[in-house]
Amino acid sequence: MNKTGNHTTERQLAIFSRTLAFGLAAVALEAEGLKRTAAFICFSLFCFIWCINQADLRIIPQILKSPRPFNPELGIGDTSVPFVVFAFQRTGSNLLCNILGQHNQIAMHYEIFNDKAIYAHDGVVNTDDAIKRRDSSPSDFLSDMYSIKERAKVLGGGKPHAIGFKVFPEHICRSARSRELFEEILSDTRVRKIILHRRNRLAACVSALRASVTGQYIRKNLDHVRVHLEPEGLQGFIDNYDCYYSYIRERLAGQGGENGCWMQISYEELIEDQKAVAGNVYKFLGGIAPFEPRSGQSGQSQRQTNGNLASAVHNFEQLRYAFSGSDREADFYDS
């Protein structure tokens, strides 16, 4: 039905509702005894239902955005500043983690909730027993990952000021226990959150497809790899991408401000000025001292692509035409 038809139907329903209301009121006034009582009950019930239907239900999302009380029993170890990097694949999370992991006051884990292994800052654990223990009690596992004593052993006896890890949407959705844990993490103001995103969603999608096709997610250059994307596939990726970040931001509503517990970083900012971004993160994590790299580590993560998107996608012009006039169009002119 078109918009005009919708408005006509709404007007007709409004007229009918008012007519019915006046009719019930008239019956209630003229009737006597049980009939009058029944008429008043019907009139009251009608008014109640009408008010519910007229209520602006758009306030419900605002209510859901209000900060949730944190669970004081959530184990966050004994570190001064526990933090989480919420990212999507191919948004520069390896680069950010490498930079932060160079600081001698930060113990930076990677994907500790990965399906196949635990990528901690001190190595990779992929035994079935370790993964089963993690999945059977994610909260206890988290507390251990945030433990200063355990992390200090790897940092040469020094005690890290901040301990963090990165997480992708698939880590959150792995199980009911994982979803519950991350709901608590997101609502817990003791845990600092860093939202890392990529402004150009087309670039993120192409990068993810290249990595998936080749199985190469770090170091190896992929400029020679060209991919084909159907408009529906790109739309699906963008919808999932936007939905994930909307979910994170909604859960963090009310935790921002000058002394808030979350911040945002874009991939583009990180590529343009790593030093400035790192300085902002150090400040956010409680005023950590300037960058102090550990010996034997470069702190750099090699970019896998340096070319433009037009040369990376076989049907680039088809996609650009399909998304022309939409809010996605800008992605095709900013690679």
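Criteria and cut-off values
- Residues numbered from 1 in each chain as written.
- Predicted model: local features only at pLDDT ≥ 70, side-chain atom pairs only at ≥ 80, totals over all residues.
- Heavy atoms only, no water.
- Helix = DSSP H or I, 4+ residues; strand = E, 2+ residues; numbered from the N terminus.
- Buried < 20%, exposed > 50% of the residue type's maximum accessible area, 1.4 Å probe, protein only.
- Contact = heavy atoms within 4.5 Å.
- Areas by Shrake-Rupley, 256 points an atom, 1.4 Å probe, with all protein chains shown as cover.
- Axes fitted to C-alpha atoms, helices over the stretch in contact; angles between N-to-C directions.
- Parallel < 35°, antiparallel > 145°, perpendicular 65-115°, else oblique.
- Left-handed = near helix turned anticlockwise from the far one by under 90°.
- Nonpolar A, V, L, I, M, F, W, Y, C, P; charged D, E, K, R; others polar.
- Core = buried A, V, L, I, M, F, W, Y, C linked by side-chain atoms within 4.5 Å.
- Phe/Tyr/Trp six-rings, centres within 6.5 Å; stacked < 30°, edge-to-face > 60°.
- Lys NZ or Arg CZ within 6 Å of the ring centre and 35° of its normal.
- Salt bridge = Lys/Arg side-chain N within 4 Å of Asp/Glu carboxyl O.

Enquirer: What should I look at first to understand the overall build of the protein in this one?
Expert: Along its length, the protein carries 14 helices and 7 strands. Here the protein holds 335 residues, and 41% of them are scored as buried. The contacts of the protein with a sequence gap of at least 6 include a subset with a gap of at least 24, amounting to 75%. Looking at the protein as shown, the accessible area adds up to about 18,700 Å², and 54% of this sits on carbon and sulfur atoms.

Enquirer: Before we go on, may I ask you to explain unusual backbone geometry in this structure?
Expert: Excluding glycine, most residues fall at negative phi; most peptide bonds, likewise, are trans. Positive phi is not limited to glycine here, since R90 has a value of about 70 degrees. Taking relative accessible area as the criterion, R90 reaches 15% and is therefore assigned buried.

Enquirer: Please explain the packing of helix α4 (residues 93–101) against helix α13 (residues 274–284) as it appears in this structure.
Expert: The relative placement of two packed helices is expressed as an angle between their axes plus a distance between the axes. For the pair α4 and α13, the least separation of the axes is 11 Å and the interaxial angle reads 65 degrees. With respect to each other, α4 and α13 are oriented roughly perpendicular. The handedness of the crossing between α4 and α13 comes out as right-handed. Mapping the contact onto sequence places L95, I99 and L100 in α4 and Q274, A278, V281 and Y282 in α13. When its residues are assigned to classes, the contact of α4 with α13 shows 6 nonpolar, 1 polar and no charged.

Enquirer: Just to check I follow, could you spell out the nonpolar core for this structure?
Expert: Counting residues in each nonpolar core, the largest one holds 48 residues, and the members touching the most others are F86, F165, I185 and L234. Looking at this core, the elements that each hand over two or more residues are β1 (81–86), α6 (138–145), β5 (162–167), α9 (176–187), α10 (201–214), α11 (231–252) and α14 (316–322). The greatest single-element share of this core, amounting to 8 residues, is contributed by α11. Counting 25 residues, the second largest nonpolar core, distinct from the first, contains V85, L95, I99 and V281.

Enquirer: Can you walk me through the packing of aromatic side chains in this structure?
Expert: Any pair of aromatic rings gets described here by the distance separating the centres and the angle formed by the planes. Tallied over the entire structure, the rule returns 15 aromatic pairs. An angle of 35 degrees between the planes, with centres 6.5 Å apart, marks the rings of F88 and Y245 as tilted. Residue F88 is located in the loop between β1 and α4, and its partner Y245 is located in helix α11; the two are separated by 157 residues in the primary sequence. Ring plane angle 70 degrees and centroid distance 5.4 Å describe the contact between F113 and F182, whose orientation is recorded as edge-to-face. Taken together, the residues F113 in the loop between β2 (106–108) and β3 (118–120) and F182 in helix α9 connect sequence positions 69 residues apart. Residues F113 and F182 agree in their burial class; the two are buried. Aromatic ring contacts, followed pair by pair, group F86, F113, F141, Y146, F165 and F182 into a single cluster. Sitting over the ring of Y267, R198 keeps its end group 3.9 Å from the ring centre.

Enquirer: Is there a simple way to think about the pattern of salt bridges in this case?
Expert: Two side chains with opposite charge may pair up if their charged atoms get near one another. A complete count under the given rule lists 12 salt bridges for this structure. Across the pair E269 and R199 runs a salt bridge whose closest N-O atoms are separated by 3.3 Å. Within this pair, whereas E269 is found in helix α12 (residues 267–272), its partner R199 is found in the loop between β6 (192–197) and α10, the two being separated by 70 residues in sequence. Look at E269 and you get partly exposed, because its relative accessible area is 34%. Taking relative accessible area as the criterion, R199 reaches 46% and is therefore assigned partly exposed. Between D239 and R328 there is a salt bridge, with the nearest N and O atoms lying 3.3 Å from each other. Residue D239 is located in helix α11, and its partner R328 is located in the segment after α14; the two are separated by 89 residues in the primary sequence. Taking the relative accessible area as the measure of exposure, D239 reaches 36% and is therefore partly exposed. Relative accessible area serves as the criterion here: at 13%, R328 is assigned to the buried category.

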